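Descriptive analysis of the structure
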Amino acid sequence: MKRIALLGMPNTGKSTLFNRLTGSASRVGNWPGITVELLSGKILLGDEMVEIIDLPGIYDMHGFSEDEQVVRHFLHENIPDLALVVLNAAQIERQLSLLLQLKQFKLNMVVLLNMSDETKKLGITIDVNKMSATLGMPIFLLSAKYGTGYPEALQAITKALRNSVPSMPESVRKLIAQDEHIEREMAQIILQTVQIPARLPDNMTNRLDSLLLHPWLGLPIFFGFMFLLFQAIFLFGQPLQGVVNALFGWMREHAFGPLVGFLPAAIQGLLLDGVYNGVATVAAFVPLIVLFFLFMAIVEDTGYLSRAAFLMDALMAKMGLDGRSFVMLLMGFGCNVPALMGTRVMRSRSLRLLSMLVIPFSLCSARLQVFVFISAALFTPKAAPVVLFSLYLFSFATAILTALLFKRHYPNTEPFVLELPPYRFPTFRQMVMRGWHEVYQFLHRASKFIVAGVVLVWLLTNLPPSAAPASADTIAGMIGAWLHPIFSPIGISPDLTIALIFGFVAKEIVIGSLAVIYGMSGDALSGTLASQLDWVQAYSFMLFTLVYTPCLSTIATLRNESQSNKFMWFSIAWSLTLAWLLSFLFYQAARALGY
Amino acid sequence: MMLSKLNPGEIATIISIHTDEALHQRLLAMGFRSGKQIELIRKAWFSGPLQVRIGTTDILLRRAEAEKIMVQL
């Protein structure tokens, strides 16, 4: 039986044509020289049955993608009686290259310029007769979509088949042999020099998946795992934080203090209680940040995040989001800014905006510092991790609530298709690099905002000079008093109000500004907070900190990514409203219950 | 039959893909192609996405998308 190979670039309507030619009578089969199966069908042409084989769409006869290798091997081993080349007429100037490459193969060819309906709309005209004469092969315009141009093409195909003698000149065989040589060389070089990170054998990935993606156990395992992770961060991070704190305290007493001893008292205060205390308090979080990103890098690089997308997609779909939104939400636990930028993979604008509206509720590492410090100061070592975990739950809850409330304004029909990588062990180097990169980013942000921030806080809490530092007569005290009617119903004192105002710039400053407001750092600051606040006030403060606008960088990113001031203001207004309402409900309910 | 109608563990052959052009391109890039073998690995809870395997590549896709892919057991 004679064979026709259907060739062409992707997206030329080749498969539509194949279906039209063969009807539904197609089958799948193996061919010599290749490992993938190809679709083929038998049709009656003239007075004989012929077989049509649909080859994968390719761009380059001498390329090395999987499909390009398949087509080359197929042609090498199974020279067709006729090569039916389908080109997209609307992109003819790009697609002609493939045709000329095929011409070198000296195959018996008929060319179909498909999508003639589109060329007409674009005003492109093709002189088919002239092209046919130039190339020395029959060329036809047709529209597989509307079925025009078929009879002429079929006639030409029948004619071309009648007296075909399949052969391949020696020069082409050499050319293909060259390509195959390159293929082998590629495989060998990759084998010898390219190290792909240790990958679990497939059956191990399968076994892990059957547990981690279990219909019922999958989600509980996921949340249990996350809980353990944050427990571990707390467990290892706290002692390290103490060490750094002690180090800075010692340096202040023995090095930095004596160094600035000759300066006037007010300047000394600014440098020691302002800059030094603020920076020292923030620096103490570096070990925590390193740990956090180390763990996140492990979770991400092992391929577990994509599994989380699989587990959560059904729920996310009910909120008008998809599994990728959930992954971005998790990435937001590191920092909201890259998570917001990560939504670029979504094509639908509605889906993107809704995702960007919920991502700022992710409890980022900067907020984590605030919560770690306050929960350690106000709660027992046993209760603190639970408090922290409850804040993560609130983080999810506010994101879910926001999505549910606004999903109707951002309807989305974007398909959800995602590749699931096999489980991989991240290399030690990968983890260290990642940790270092994040710490660098953190210190970079810190140097920008934190020093300026804590200096400003010090000025606000120490001016005018006549007022006692951090008293009601200072500028900060006055701002706090002025905002008191708004913040007293949620149990937040004027001092803490100042810290919240600075938290608007960056959450990294919150604890630093508390250090400046109270003129102390480390354990002394914890002690003061514990004596000034009860746990209800502290929790209300943390809730507010969790929900209101994360930081200026996030706002700037929101603005850039959405290209809409309206959207940015809406996001700010909504998060402030929600933060106040949530703290209000919590604070008043706790007080009403007698706490 | 539709890909979404396969049971976990079943292997079928892709016959045709009836999606819009953009998604079709993405599916092609991930290895969806008529004639290729596809295995349904598992379905997520609450009518969540499907996990399918083509060759050595695992792919997640929603049921709505899987309904647009015709396969033959």
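Right, let's walk through the structure included here.

Observations concerning the overall build of chain A
When you go through chain A residue by residue, the secondary structure sums to 25 helices and eight strands. In terms of C-alpha radius of gyration, chain A reaches 34 Å, well past the compact-globule figure of 25 Å for 595 residues. Principal axes of the C-alpha set define a box for chain A whose edges measure 105 × 50 × 50 Å. A total of 595 residues make up chain A; the buried ones form 54% of that total. Contacts in chain A between residues far apart in sequence, at least 24 positions, make up 75% of those at least 6 positions apart. For chain A, the accessible area works out to roughly 26,700 Å², and carbon and sulfur atoms hold 65% of it. Computing the positive centroid from 42 side-chain charges and the negative centroid from 38, chain A places the two 4 Å apart.

A closer look at the packing of helix H19 (residues 475-487) of chain A against helix H20 (residues 494-503) of chain A
Residues and elements named next belong to chain A. Between H19 and H20, whose axes approach to 8 Å, the crossing angle comes to 95°. For the element pair H19 / H20, the angle class is roughly perpendicular. Residue-level contacts link Ala-476, Ile-479, Gly-480, Ala-481, Leu-483, His-484 and Phe-487 of H19 to Pro-494, Thr-497, Ile-498, Leu-500 and Ile-501 of H20. Looking at side-chain class alone, the contact of H19 with H20 contains nine nonpolar, three polar and no charged residues.

Observations concerning the pairing of strand E3 (residues 50-54) of chain B
Residues and elements named next belong to chain B. Of all five residues that make up E3, five are buried, and the element is covered over most of its length. Residues Leu-50, Val-52 and Ile-54 point to one face of E3 and Gln-51 and Arg-53 to the other, with burial holding for every one of them. Examined bridge by bridge, strand E2 (residues 37-43) and E3 share four bridges and lie antiparallel to one another. Within the sheet, the bridge partner assigned to Arg-42 lies in E3 and is Gln-51. Here E2 folds back onto E3 in antiparallel fashion, the turn holding six residues, of which Phe-46 has a positive phi close to 50°. Alignment of E3 against strand E4 (residues 57-61), held across five bridges, turns out to be antiparallel.

Some points on the nonpolar core
All names here are of chain A. In terms of nonpolar packing, the biggest core is built from 119 residues, with Phe-292, Leu-330, Leu-391 and Leu-514 touching the most fellow members. Apart from the residues within four sequence positions on either side, Leu-330 is in contact with Phe-222, Met-226, Met-296, Leu-305, Ala-308 and Phe-396. By size, the runner-up hydrophobic cluster in this structure holds 36 residues, among which are Leu-7, Val-36, Val-85 and Ile-139.

Quick look at the packing of aromatic side chains
Residue and element names in this part refer to chain A. Going through the model one piece at a time under the given rule, you end up with 21 aromatic pairs over all chains. Where Phe-256 meets Tyr-276, the ring centres are 4.8 Å apart and the plane angle is 20°; that geometry is what we call stacked. Linking Phe-256 in helix H9 (residues 218-259) with Tyr-276 in helix H10 (residues 265-283), this pair joins segments that are 20 residues apart in sequence. Taking relative accessible area as the criterion, Phe-256 reaches 26% and is therefore assigned partly exposed. Taking relative accessible area as the criterion, Tyr-276 reaches 10% and is therefore assigned buried. On the basis of an interplanar angle of 90° and a centroid distance of 5.6 Å, the ring pair of Phe-333 and Phe-396 is categorised as edge-to-face. Residue Phe-333 is found in the loop between helix H13 (323-331) and helix H14 (336-342), and its partner Phe-396 is found in helix H17 (residues 383-406); the two are separated by 63 residues along the sequence. In this structure an aromatic cluster arises from ring pairing among Phe-222, Phe-223, Phe-225, Tyr-304, Phe-326, Phe-333, Tyr-392 and Phe-396. Seen from the ring of Tyr-548, Lys-507 lies directly overhead, with NZ or CZ sitting 4.0 Å from the centre.

Some thoughts on the interface of chain A and chain B
Counting residues at the interface gives 34 residues for chain A, matched by 30 residues for chain B. For the pair chain A and chain B, the two sides together bury roughly 3,100 Å², of which 55% comes from carbon and sulfur. Three residues, A:Phe310, A:Val417 and A:Leu420, lead the burial of chain A against chain B; their summed loss comes to 21% of the area buried on that side. Run the count over chain A and chain B and you get one salt bridge. Counting every contact that joins chain A to chain B gives eight residue pairs in polar contact (both at pLDDT 80 or more). At the level of secondary structure, the elements contributing two or more residues to the side of chain A that touches chain B comprise helix H2 (66-77), helix H8 (202-212), helix H12 (304-318) and strand E8 (417-420) of chain A. Tallying contributions element by element places H12(A) first for the side of chain A that touches chain B, with eight residues. When its residues are assigned to classes, the side of chain A that touches chain B shows 19 nonpolar, four polar and eleven charged.

Here's the deal with a nonpolar patch on the surface
Residue and element names in this part refer to chain A. Together, Leu-456, Leu-459, Leu-463, Ile-475 and Met-478 line one region of the surface with nonpolar side chains, adding up to about 380 Å² of accessible area. Going through the elements one at a time, helix H18 (428-462) and H19 are the ones with two or more residues in the nonpolar patch. Secondary-structure assignment places Leu-456 in helix H18. Among the residues examined, Leu-456 registers a relative accessible area of 45% and is labelled partly exposed.

Points about helix H11 (residues 286-301) of chain A
Residues and elements named next belong to chain A. With 16 residues, H11 ought to run about 22 Å at 1.5 Å a step, and its terminal C-alpha atoms sit 22 Å apart, in line with that. Every buried residue of H11 is accounted for by Pro-287, Leu-288, Ile-289, Leu-291, Phe-292, Phe-293, Phe-295, Met-296, Ala-297 and Val-299. Positive phi appears at Gly-303, one or two residues downstream of H11, with a value of about 95°.

Regarding empty space enclosed by the protein
In this approach a probe as big as a water molecule rolls over the atoms, and the regions it shows empty are the leftover space. Residue and element names in this part refer to chain A. What the rule picks out here adds up to seven cavities of 30 Å³ or more. Of the voids in this model, the largest cavity is the one considered here, and its volume is about 100 Å³. Forming the boundary of the largest cavity are twelve residues, of which Cys-335, Cys-364, Ala-366, Glu-508 and Cys-551 lie nearest the centre. Estimated volume of the second largest cavity: approximately 70 Å³. For the second largest cavity, the full set of lining residues is Phe-223, Met-226, Phe-230, Leu-330, Phe-333, Phe-389, Tyr-392, Leu-393 and Phe-396. Top element by residues in the lining of the second largest cavity is H17. It accounts for four residues. Across the lining of the second largest cavity, the residue classes break down as nine nonpolar, no polar and no charged.

Conventions used here
Residues numbered from 1 in each chain as written. Chains lettered and ligands numbered in written order. Predicted model: local features only at pLDDT ≥ 70, side-chain atom pairs only at ≥ 80, totals over all residues. Heavy atoms only, no water. Helix = DSSP H or I, 4+ residues; strand = E, 2+ residues; numbered from the N terminus. Rg over C-alpha atoms; globule rule 2.2 N^0.38 Å. Buried < 20%, exposed > 50% of the residue type's maximum accessible area, 1.4 Å probe, protein only. Contact = heavy atoms within 4.5 Å. Areas by Shrake-Rupley, 256 points an atom, 1.4 Å probe, with all protein chains shown as cover. Lys, Arg positive; Asp, Glu negative; His and termini not counted. Charge placed at Lys NZ, Arg CZ, Asp CG, Glu CD. Axes fitted to C-alpha atoms, helices over the stretch in contact; angles between N-to-C directions. Parallel < 35°, antiparallel > 145°, perpendicular 65-115°, else oblique. Nonpolar A, V, L, I, M, F, W, Y, C, P; charged D, E, K, R; others polar. Pairing = 2+ DSSP bridges. Core = buried A, V, L, I, M, F, W, Y, C linked by side-chain atoms within 4.5 Å. Phe/Tyr/Trp six-rings, centres within 6.5 Å; stacked < 30°, edge-to-face > 60°. Lys NZ or Arg CZ within 6 Å of the ring centre and 35° of its normal. Buried area = accessible area lost by both parts, 1.4 Å probe. Salt bridge = Lys/Arg side-chain N within 4 Å of Asp/Glu carboxyl O. Polar contact = N/O pair within 3.5 Å; in protein donor to acceptor, adjacent residues only side chain to side chain. Patch = residues over 30% accessible without salt bridge, like charges linked within 9 Å, V, L, I, M, F, W, Y side chains within 5 Å. Expected span 1.5 Å × (residues − 1). 1 Å grid on protein atoms, 1.4 Å probe; cavity = no way out; pocket = protein on both sides within 12 Å on 5 of 7 lines; lining within 4 Å. Points joined across faces, edges and corners; volume = space filled by probe spheres on them.

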